Amino acid sequence: MLKANTKKVIFILTALTLALAAGCTGPEEKRIQGLNEVISLRAAGDDARALSKLEVLAESYPNDTIILREIGSIYETLGNTAEAAFYLSAAQRLTPDNIELLYQTYRAQEKANQFEAARELLEALALVEPSALDNELWIRLGELRAEAQQPQVALDAYLKAVDPENQAPSASTAAAIGTLFKQLDNLPQAERWLKIAANSDDPNALTGLLGLTEIHLRKQKWAAAETVINQLDKQFPGALDASQWASARGELDRWRVAQETMQAELAKSKAAAAAKDATAPSKATTAADSDSAGTTLPFDEAATGKAEVIADMEMAEAFANTPALEALPSESSTTTDTSNADSIAVSSETAELDSTDAPLSLQQLIANAETASMEHDYKKAIQLYWEALGRANNQANIWNQLSLAYRLDGQVRNAETTALEATRLAPEKIDYTLDYLRTIQRTKKPVDFLAELEGAYDRFPSSPEITLSLARAYEQISGNNSTAIVLYNRFIDLAPNHPLLAEAETALDRLR
């Protein structure tokens, strides 16, 4: 309803209007007399005769706002919502500056379920008299804008209606706001509002819980997703399995298996390290050990210039320069460039470190693992990376390097598990996501791989590599050439100087 400070009487006192006009002479006298009769009939409760009288008057005065409005009002009283909306709209078009008539016409359109027309009228009211909209009307405008696929302005309307610092919003409003934030890819805000809905006893808690499930799956927050799904199963049994997120249970099962595998490997690595420490002779702490006992450099700084050593092999170079959906070079084609200066430095450092029985620092373990990978001794590299993770299992870079070693050793399932852990620890790192995609294209079914690519594109819509990969997948997996064309064009727009530009252009020529 209209706010109290601006609200006027919706139905104009026709009698007063006519009294003011009573002094008129000439053709107006017949019109005034007819309207006075209508007033008397309505006062006596005879709306049917009043309507007949007005319809006769309308033939003589077809563009009379008062006559049209009174006809609409009578139809509204009689419950004929379609006719009420028709006549009130005609009256409103003749006097667009009449705020009360604008509001009355909007309400009539709502009652007639003519929501597009209702939205246009409410938009007009918000434009010319925004202070006339109370919280209920702002929320309704948000609903209508959302139905019209206008998420940003819908969100603007909803936010005008809420004050979460002073009053908790309803579950339905919180669910709607959270959903709009999610559509606009503002996931932190979406999560905040969806939690309000999810933590209620209202039916809209289902929207909140499903929205949170989607967000956690997109961010690969498996533990959080599991918690929400458990709440879903308890509060809305069967709802998840009937939704588009039914496959989430399989994703969680794989995550649990991966967690168990990683924990087992970590425990094995820690046990091996403990056994080695127990049998090692006691020695004074070396300078290297002193460094590791003090402030430890982040992995990125410790490994600078070394992780790239692997890139002088053809296979790793192909991984680095091409997106996920690709044909792998054969193992026989891999070579090692022994002229690389960093490679020599790492080898020399490793030889020096191996000459002592002192326990290796984290940085030394990583350097040795990189050297082993460079020398194609992937099993040794894997063992060393696991030993490093036994000391720092929250380093996403180590998980990523371990995944690469597994992949180059042909252990694609283990490569998938460890790549997934790298993306979980650093979901914002696009390189880890690309490595994960390059791995799972060998382990997942084509349709599942396409779904993973779509999820990655949602998180990194400006990545040329993911865009090109998704374009290839739409063309080669789903046969969706029209979408593939859009994505190939987007790739060209994103990276006009990309080395794979010719491939996209050739694909466009082929598909058009």
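The shown structure was predicted, so the numbers you read here are calculated from the model rather than taken from an experiment. (Residues numbered from 1 in each chain as written. Predicted model: local features only at pLDDT ≥ 70, side-chain atom pairs only at ≥ 80, totals over all residues. Heavy atoms only, no water.)

Observations regarding the overall build of the chain
Turning to step 1, where the next piece is worked out: A tally of helices and strands in the chain yields 27 helices and zero strands.
Turning to step 2, where the next piece is worked out: The buried share of the chain, reckoned over its 512 residues, is 46%.
Turning to step 3, where the next piece is worked out: Within the chain, contacts between residues at least 6 apart in sequence are counted, and of these 55% link residues at least 24 apart.
Turning to step 4, where the next piece is worked out: When the accessible surface of the chain is split by element, carbon and sulfur atoms take 53% of a total near 25200 Å². (Helix = DSSP H or I, 4+ residues; strand = E, 2+ residues; numbered from the N terminus. Buried < 20%, exposed > 50% of the residue type's maximum accessible area, 1.4 Å probe, protein only. Contact = heavy atoms within 4.5 Å. Areas by Shrake-Rupley, 256 points an atom, 1.4 Å probe, with all protein chains shown as cover.)

Focus on the environment of Asn80
Turning to step 1, where the next piece is worked out: Relative to the assigned elements, Asn80 resides in the loop between α4 (65-77) and α5 (81-94).
Turning to step 2, where the next piece is worked out: Put simply, Asn80 and Ala112 are 32 residues apart on the chain and 8.4 Å apart in space, counted from C-alpha to C-alpha.

Section: the nonpolar core
Turning to step 1, where the next piece is worked out: Counting 81 residues, the largest nonpolar core has Leu122, Leu133 and Tyr488 as the members making the most contacts within it.
Turning to step 2, where the next piece is worked out: Membership of the second largest hydrophobic core comes to 27 residues, among which are Ala381, Tyr385, Ala426 and Tyr432. (Core = buried A, V, L, I, M, F, W, Y, C linked by side-chain atoms within 4.5 Å.)

Overview of the pattern of salt bridges
Note on pairing: side chains with opposite charge can pair once their charged atoms come close.
Turning to step 1, where the next piece is worked out: Counted under the stated rule, the structure contains 27 salt bridges.
Turning to step 2, where the next piece is worked out: For Arg140, the salt bridge is made with Glu110, and the minimal N-O distance between the two is 2.7 Å. You can see Arg140 sitting in helix α8 (residues 135-147) and its partner Glu110 sitting in helix α6 (residues 99-111), a full 30 residues away along the chain. The same class applies to Arg140 and to Glu110, which are both buried.
Turning to step 3, where the next piece is worked out: Salt bridges sharing common partners tie together Glu116, Arg119, Glu123 and Arg145. (Salt bridge = Lys/Arg side-chain N within 4 Å of Asp/Glu carboxyl O.)

Observations concerning the packing of helix α19 (residues 362-374) against helix α20 (residues 378-389)
Turning to step 1, where the next piece is worked out: α20 packs onto α19 with a crossing angle of 160 degrees between their chain directions and a minimal axis gap of 8 Å. Between α19 and α20, the angle is such that the two are roughly antiparallel. At the point where α19 passes α20, the crossing takes the left-handed sense. In this structure, α19 contributes Leu362, Leu365, Ile366, Asn368, Ala369, Glu370, Ala372 and Ser373 to the contact, and α20 contributes Tyr378, Lys380, Ala381, Leu384, Tyr385, Glu387 and Ala388.
Turning to step 2, where the next piece is worked out: Counted by class, the contact of α19 with α20 contains 10 nonpolar, two polar and three charged residues. (Axes fitted to C-alpha atoms, helices over the stretch in contact; angles between N-to-C directions. Parallel < 35°, antiparallel > 145°, perpendicular 65-115°, else oblique. Left-handed = near helix turned anticlockwise from the far one by under 90°. Nonpolar A, V, L, I, M, F, W, Y, C, P; charged D, E, K, R; others polar.)

A word on the packing of α8 against helix α9 (residues 151-160)
Turning to step 1, where the next piece is worked out: In contact at an axis separation of 8 Å, α8 and α9 are set at 165 degrees when each is read in the N-to-C sense. The pairing of α8 with α9 is recorded here as roughly antiparallel in orientation. As α8 packs across α9, the resulting crossing turns out to be left-handed. Packed against α8, whose contacting residues are Asn135, Trp138, Ile139, Leu141, Gly142, Glu143, Arg145 and Ala146, the element α9 presents Val153, Ala154, Ala157, Tyr158 and Lys160 at the interface.
Turning to step 2, where the next piece is worked out: Of the residues contributing to the contact of α8 with α9, the split by class is eight nonpolar, two polar and three charged.

Re the environment of Glu265
Turning to step 1, where the next piece is worked out: Within the secondary structure, Glu265 sits in helix α14 (residues 248-279).
Turning to step 2, where the next piece is worked out: Distance in space between the C-alpha atoms of Glu265 and Gln383 is 9.6 Å, their sequence separation being 118 residues.
Turning to step 3, where the next piece is worked out: When residues no more than four places from it in sequence are discounted, the contact partners of Glu265 are Trp386 and Tyr406.

Digging into helix α12 (residues 205-218)
Turning to step 1, where the next piece is worked out: With 14 residues, α12 extends 20 Å from end C-alpha to end C-alpha; this agrees with the ideal 20 Å at 1.5 Å per step.
Turning to step 2, where the next piece is worked out: Within α12, 12 of the 14 residues are buried, which leaves it mostly tucked inside the rest of the structure.
Turning to step 3, where the next piece is worked out: Looking at α12, one finds that the buried residues are Ala205, Gly208, Leu209, Leu210, Gly211, Leu212, Thr213, Glu214, Ile215, His216, Leu217 and Arg218.
Turning to step 4, where the next piece is worked out: Gln220 sits one or two positions beyond α12 and adopts a positive phi of about 60 degrees. (Expected span 1.5 Å × (residues − 1).)

With respect to the side chain of Thr467
Turning to step 1, where the next piece is worked out: Among the structural elements, Thr467 can be located in helix α25 (residues 464-478).
Turning to step 2, where the next piece is worked out: Within the structure, Thr467 has its side chain in polar contact with the backbone oxygen of Ser463 (distance 2.7 Å).
Turning to step 3, where the next piece is worked out: Look past the residues within four positions of Thr467 in its chain and what remains in contact with it is Tyr457, Pro461, Leu487, Arg490, Phe491 and Leu494. (Polar contact = N/O pair within 3.5 Å; in protein donor to acceptor, adjacent residues only side chain to side chain.)

A short note on unusual backbone geometry
Turning to step 1, where the next piece is worked out: Notably, Gln149 is not glycine yet its phi reads approximately 60 degrees, a positive angle.
Turning to step 2, where the next piece is worked out: Its location among the elements puts Gln149 in the loop between α8 and α9.
Turning to step 3, where the next piece is worked out: Even without being glycine, Asp185 reaches a positive phi, approximately 65 degrees.
Turning to step 4, where the next piece is worked out: Residue Asp185 is classed as partly exposed on the basis of its relative accessible area, which comes to 39%.

A closer look at the packing of aromatic side chains
Turning to step 1, where the next piece is worked out: Counted under the stated rule, the structure contains four aromatic pairs.
Turning to step 2, where the next piece is worked out: Taking the centre distance of 5.8 Å and the plane angle of 15 degrees together, the rings of Tyr75 and Tyr87 count as stacked. Residue Tyr75 is found in helix α4, and its partner Tyr87 is found in helix α5; the two are separated by 12 residues along the sequence. Take Tyr75 and Tyr87: they sit in the same class, and that class is buried.
Turning to step 3, where the next piece is worked out: Taking 6.3 Å as the distance between ring centres and 45 degrees as the angle between the ring planes, the aromatic pair formed by Tyr103 and Tyr106 counts as tilted. Taken together, the positions of Tyr103 and Tyr106, both in helix α6 and three residues apart, correspond to about one turn of that helix. The pair formed by Tyr103 and Tyr106 is uniform in burial state, with each residue classed as buried.
Turning to step 4, where the next piece is worked out: Joined through ring pairs, the aromatic side chains of Tyr75, Phe86 and Tyr87 make up one cluster.
Turning to step 5, where the next piece is worked out: Sitting over the ring of Trp138, Lys160 keeps its end group 5.3 Å from the ring centre. (Phe/Tyr/Trp six-rings, centres within 6.5 Å; stacked < 30°, edge-to-face > 60°. Lys NZ or Arg CZ within 6 Å of the ring centre and 35° of its normal.)

Comments concerning helix α13 (residues 222-235)
Every α-helical turn comprises 3.6 residues, leaving residues that sit three or four positions apart pointing alike.
Turning to step 1, where the next piece is worked out: The end-to-end C-alpha separation of α13 is 20 Å, in line with the 20 Å expected for 14 residues at 1.5 Å each.
Turning to step 2, where the next piece is worked out: Within the sequence span of α13, burial applies to Trp222, Ala225, Glu226, Val228, Ile229 and Leu232.

As for the environment of Val486
Turning to step 1, where the next piece is worked out: For Val486, the location among the structural elements is in helix α26 (residues 481-494).
Turning to step 2, where the next piece is worked out: The exposed category is assigned to Val486, whose relative accessible area is 55%.
Turning to step 3, where the next piece is worked out: With 22 residues separating them along the chain, Val486 and Leu508 place their C-alpha atoms 9.3 Å apart.

Some thoughts on the confidence of the model for the chain
Turning to step 1, where the next piece is worked out: Averaged over all residues, the pLDDT of the chain equals 78, while 78% of them reach at least 70.
Turning to step 2, where the next piece is worked out: Contacts from residues 326-356, a stretch scored under 50 in pLDDT, to residues over four places away or in other chains number 45 contacts. (pLDDT = per-residue confidence, 0-100.)

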